[in-house]
Amino acid sequence: MIKEELIQLNEKFENEIKGAQDAKQLNEIKVKIFGKMGALTILSKSMRDVSAEERPTIGALINHVRNNLEEKISQKEDAFKQEELMKKLDNEKVDITEPSKGFEVGALHPISRVIDKLTDICVEMGFSVVEGPEVETDYYNFEAMNIPKNHPSRDMQDTFFITENTLLRSQTSAVQAREMEKRKPPFKIVCPGKTYRNESDSTHSPIFHQLEGLVVDEKISMADLKAMLTTLMKRLYGDDTTIRFRPSFFPFTEPSIEVDVSCPNCHGKGCSTCKGTGMLELLGAGIVNPKVLEMSGIDSKKYSGFAFGFGLDRVAMILNGITNIRNFYKNDVRFLKQMR
Ligand code: DAH
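In this report, the structure presented in the accompanying data block is examined. Quick caveat: nothing in here was measured; it's all calculated off a predicted structure. (Residues numbered from 1 in each chain as written. Predicted model: local features only at pLDDT ≥ 70, side-chain atom pairs only at ≥ 80, totals over all residues. Heavy atoms only, no water.)

The next subject is the overall build of the protein. Scanning the protein from terminus to terminus reveals 11 helices and nine strands. On C-alpha atoms alone, the protein measures out to a radius of gyration of 43 Å, which is more than a quarter above the 20 Å that the 2.2 N^0.38 rule sets for 340 residues. In terms of principal-axis extent, the alpha carbons of the protein reach across some 125 × 45 × 40 Å. Counting the 340 residues in the protein, one finds 40% classified as buried. (Helix = DSSP H or I, 4+ residues; strand = E, 2+ residues; numbered from the N terminus. Rg over C-alpha atoms; globule rule 2.2 N^0.38 Å. Buried < 20%, exposed > 50% of the residue type's maximum accessible area, 1.4 Å probe, protein only.)

Right under this line is the structure:
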């Protein structure tokens, strides 16, 4: 009796499981079989009434039916899961023919590129790269550079003062004294950085960049300066570059010179970049004034030095064919993209 019932139960639920439409229906069937009041649970309880000889066979049959139905349910569950996954994948379909959105590639600012290039060349020549504060004292920016308070040469640099004795540095020369106080000769340093002056037109911006160089050693002369600057300019603008010294004046150098470079655009023939002269005024330089050495604690009888300083914005403008300096500071992405 119970044997037939078991066989029928097995067949009935096999069919029900097969016909289940979704996971919820399948779960209901599961409860109908294995739940507290489930068909198989109730049948199992009637084992009590089975005779001792029949018990092993019936027991085995019950187990067989249980395992079979459990397996069918689990197979069906897997099928539903797979179906669900396929549905999900179908909805998430990626259109591989769609044009890609692309991603933005960043780039170094043209001024940063010039700083990197120049400092790289200087490092190869044995210079150390240093930095100094942009908010500077009157002492380092002017006095230690042999420009006393109220001296007329201050007029050349229309300076932003913060208090009577603090200012936005108007020249990277301010790092010269700082480094001379710290170091013992011989040393060779370059300092790139931001500088500030109250001026604004197509070639002047209130914020701009300079690179300062300083070498202090025994027997440093104009010849060393010339050799160093010639190498630097050839490396920057190409091997056919020539340089020219003109006498000039700076309070911190004696003698002082201005250095012109053959125009990298027309190679000396004359063009709009060099206003037809074939040369570009590029930097100020000279032999460090012994007074400047002494003020910073360096024995000017034993040591001498050369120094140079130049505007990096101008270098970047020439290298990139830019006519208005303000483009560097507007952060207009269209401009910066062209500079990549
Ligand atoms: N500091 C000067 C300026 O801003 C440039 C300069 C000239 C720097 C001569 C020097 C130098 O170190 O020797 O105009």
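Once that is clear, we can look at the pairing of strand β9 (residues 304-311). Across the eight residues that make up β9, a large majority, six, are buried. Pairing between strand β5 (residues 207-217) and β9: eight bridges, direction antiparallel. Bridge pairing links V215 to F306 in β9. Pairing analysis gives five bridges linking strand β8 (residues 279-288) to β9, with the strands arranged antiparallel. Across the sheet, the residue bridging to G284 is G309, located in β9. (Pairing = 2+ DSSP bridges.)

Below, the discussion takes up the environment of K219. Relative to the assigned elements, K219 resides in the loop between β5 and α8 (222-237). Linking K219 and S304, residues 85 residues apart in sequence, is a C-alpha distance of 6.1 Å.

If a residue is not glycine, its phi is most likely negative; likewise, a peptide bond is most likely trans. For the bond from P185 to P186, the omega torsion is 0 degrees, close enough to zero to count as cis. Among the structural elements, P186 can be located in the loop between α7 (174-182) and β4 (187-196). Each neighbour pair has its own omega, and for E254 with P255 the value is -5 degrees, a cis peptide bond. Within the secondary structure, P255 is located in strand β7 (residues 253-262). Positive phi values are uncommon outside glycine, yet N146 reaches one of about 65 degrees.

Contact pair helix α1 (residues 2-19) / helix α2 (residues 23-34): the axes reach a minimum separation of 9 Å and the direction vectors enclose 165 degrees. In terms of orientation, α1 and α2 fall into the roughly antiparallel class. Judged by the twist between their axes, the crossing of α1 over α2 is left-handed. Between α1, through F13, E16, I17 and G19, and α2, the contact on the second element is made entirely by Q25, L26, I29, K32 and I33. When grouped by side-chain class, the residues that make up the contact of α1 with α2 number five nonpolar, two polar and two charged. (Axes fitted to C-alpha atoms, helices over the stretch in contact; angles between N-to-C directions. Parallel < 35°, antiparallel > 145°, perpendicular 65-115°, else oblique. Left-handed = near helix turned anticlockwise from the far one by under 90°. Contact = heavy atoms within 4.5 Å. Nonpolar A, V, L, I, M, F, W, Y, C, P; charged D, E, K, R; others polar.)

Right, let's talk about the packing of aromatic side chains for a bit. Under the counting rule described, the total for this entry stands at six aromatic pairs. Aromatic pair F328 and Y329: ring centres 6.4 Å apart, planes at 85 degrees, arrangement edge-to-face. Overall, Y329 belongs to the partly exposed group, its relative accessible area being 26%. Considering the side-chain rings of F328 and F335, the 6.1 Å spacing of their centres and the 65 degrees angle between planes classify their relative orientation as edge-to-face. (Phe/Tyr/Trp six-rings, centres within 6.5 Å; stacked < 30°, edge-to-face > 60°.)

What follows covers α2. Over its 12 residues, α2 runs 16 Å from end to end, which matches the ideal 16 Å to within 8%, given 1.5 Å per residue. Turning to α2, its buried residues number three or more, namely L26, I29 and I33. Mapping the buried residues of α2 onto a view down its axis gives an arc of 60 degrees, with all of them on the same face. Across from the buried face of α2, at angles greater than 90 degrees, the exposed residues are K24 and V31. Of the surrounding elements, those touching the buried residues of α2 are α1, α3 (39-45) and α4 (55-91). (Expected span 1.5 Å × (residues − 1). Arc of directions from axis to C-beta.)

Next up on the list: the site of the ligand. Taken together, 16 residues are adjacent to the ligand, and Q171, S173, R197, Q210 and E212 come closest. At a separation of 2.6 Å, an oxygen atom of the ligand approaches a polar side-chain atom of E212. Here F308 contributes a backbone N or O atom positioned 3.4 Å from an oxygen atom of the ligand. In isolation the ligand has 350 Å² of accessible area, and contact with the protein removes 91% of it. Where the shell around the ligand is concerned, the elements lending two or more residues are β5, β8 and β9. For the shell around the ligand, the per-class residue count stands at five nonpolar, nine polar and two charged. (Near = heavy atom within 4 Å. Polar contact = N/O pair within 3.5 Å; in protein donor to acceptor, adjacent residues only side chain to side chain. Areas by Shrake-Rupley, 256 points an atom, 1.4 Å probe, with all protein chains shown as cover.)

A word on α8. The terminal C-alpha atoms of α8 lie 22 Å apart, and with 16 residues this matches the ideal 22 Å at 1.5 Å per residue to within 8%. Here α8 has its buried residues at L225, M228, L229, L232, M233, L236 and Y237. Seen from one end, α8 has its buried residues packed into an arc of 135 degrees, which puts them on one side. Considering only its buried residues, α8 is in contact with α5 (110-124), β6 (243-250), β7, β8, β9 and α10 (312-320). Taken from the residues just after α8, G238 is the one with a positive phi, measuring 120 degrees.

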